[in-house]
Amino acid sequence: MKLYGSYTSPYVRHCRIALLEAGVTFEFIETDQAASANKSPTKRVPFLEDGDIFLTDSSAIIRHAREKVGTRFLPGIAELNQYCMVNAALDSCTNLFFLQRDGVDIQAYEYTKRQAARIESSLAELNSLLLPTQAPYNDVHLRLGCFLAWALFRNRITLDAHKKLHTFLNGMNTYQPFANTAPPV
Ligand SMILES: N[C@@H](CCC(=O)N[C@@H](CS)C(=O)NCC(=O)O)C(=O)O
């Protein structure tokens, strides 16, 4: 099995955690934007090859990893909704990051201002959830941990107004598969 991605991507990190948790042996192939544009129709990482199977989105890859060991991916509707909310905030955060890196003034457009507002309102909502302070973690928690850690690493957010998220992330930092997949300093 081959997982293509970067060491900094939060989507890739979640896949690496799921594969580690499943105990699956996989090769990690570091892939930059030029290579992902060539090899995947989505022109993004992660993507995964497993024999005849070719998956081009982290959620499909994580489900594949869970099914390898007979567990279900996001079985409940509330869980699915929370996972989608984290993804919406993460997608906005990565979009703004890439736009700003390309020189776009993200304060100048209603669309980009709405994306920034979505990140803040989602953080407030996620901060109101009952979150664990230690393992076991489900895929909502793991996606949230990957999002928060990446957004802090890239200076996109602060958790000053979201103390529960801060405590949650501190707990997750001690979970071995999460700690072992942290972006290199
Ligand atoms: N929905 C996708 C999102 C993946 C994604 O946005 N990956 C980023 C890396 S963090 C990427 O490759 N972006 C390159 C681009 O959008 O050009 C997933 O869950 O896999």
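A. Broad picture of the domain arrangement of the chain. Along its sequence, the chain is carved into domain 1 (2–68) and domain 2 (77–180). Placing the centre of domain 1 and that of domain 2 at their C-alpha centroids yields a distance of 20 Å. Contacts between the two partners involve 14 residues from domain 1, matched on the other side by 20 residues from domain 2. Both faces combined, the contact of domain 1 with domain 2 buries some 1,400 Å², and carbon together with sulfur accounts for 53% of it. If you sort the residues of domain 1 by the area they bury against domain 2, Tyr11, Arg13 and His14 come out on top, with a joint share of 38%. In this structure, the connection of domain 1 to domain 2 is made through one salt bridge. Of the charged contacts, one joins Asp139 and Arg66 as a salt bridge, the two residues approaching to 2.8 Å between their closest N and O atoms.

B. Examining the site of the ligand more closely. With respect to spatial proximity, the complete set of residues near the ligand consists of Ser9, Pro10, Tyr11, Gln33, Lys43, Arg44, Val45, Pro46, Asp57, Ser58 and Phe98. Within the side chain of Arg44, a nitrogen or oxygen atom sits 3.5 Å from a nitrogen atom of the ligand. One nitrogen or oxygen atom from the main chain of Val45 is found 2.8 Å from a nitrogen atom belonging to the ligand. Computed on the free molecule, the ligand has an accessible area of 510 Å², of which 78% lies beneath the protein chains in the complex.

C. The state of the cysteines, seen in detail. Tallied over the entire structure, the rule returns zero disulfides. Cysteine Cys84 is unpaired, with the sulfur of Cys15 as its nearest cysteine sulfur at 15 Å. The partly exposed category is assigned to Cys84, whose relative accessible area is 40%. The thiol of Cys93 is not disulfide-bonded; the next cysteine sulfur, from Cys146, is found 13 Å away.

D. Summary view of the sheet that holds strand 4 (residues 53–55). As summarised here, the arrangement of the four strands in space is 2-1-3-4, forming an open sheet in which the pairing is mixed. The sheet is open, and its two edges are formed by strand 2 (27–30) and strand 4, each paired on a single side. Each adjacent strand pair in this sheet contributes to an overall mean axis angle of 15°, direction not counted. Note that strand 1 (residues 2–5) and strand 3 (residues 47–50) share three bridges and pair antiparallel. Directly across from Lys2, in strand 3, lies its bridge partner Glu49. Relative to the sheet, helix 1 (residues 10–22) contacts strand 1, strand 2 and strand 3, its axis offset from that of strand 1 by approximately 160°.

Scoring rules and cut-offs
Residues numbered from 1 in each chain as written. Predicted model: local features only at pLDDT ≥ 70, side-chain atom pairs only at ≥ 80, totals over all residues. Heavy atoms only, no water. Domains from an automatic or database assignment. Contact = heavy atoms within 4.5 Å. Buried area = accessible area lost by both parts, 1.4 Å probe. Salt bridge = Lys/Arg side-chain N within 4 Å of Asp/Glu carboxyl O. Near = heavy atom within 4 Å. Polar contact = N/O pair within 3.5 Å; in protein donor to acceptor, adjacent residues only side chain to side chain. Areas by Shrake-Rupley, 256 points an atom, 1.4 Å probe, with all protein chains shown as cover. Disulfide = S-S within 2.5 Å. Buried < 20%, exposed > 50% of the residue type's maximum accessible area, 1.4 Å probe, protein only. Pairing = 2+ DSSP bridges. Helix = DSSP H or I, 4+ residues; strand = E, 2+ residues; numbered from the N terminus. Axes fitted to C-alpha atoms, helices over the stretch in contact; angles between N-to-C directions.

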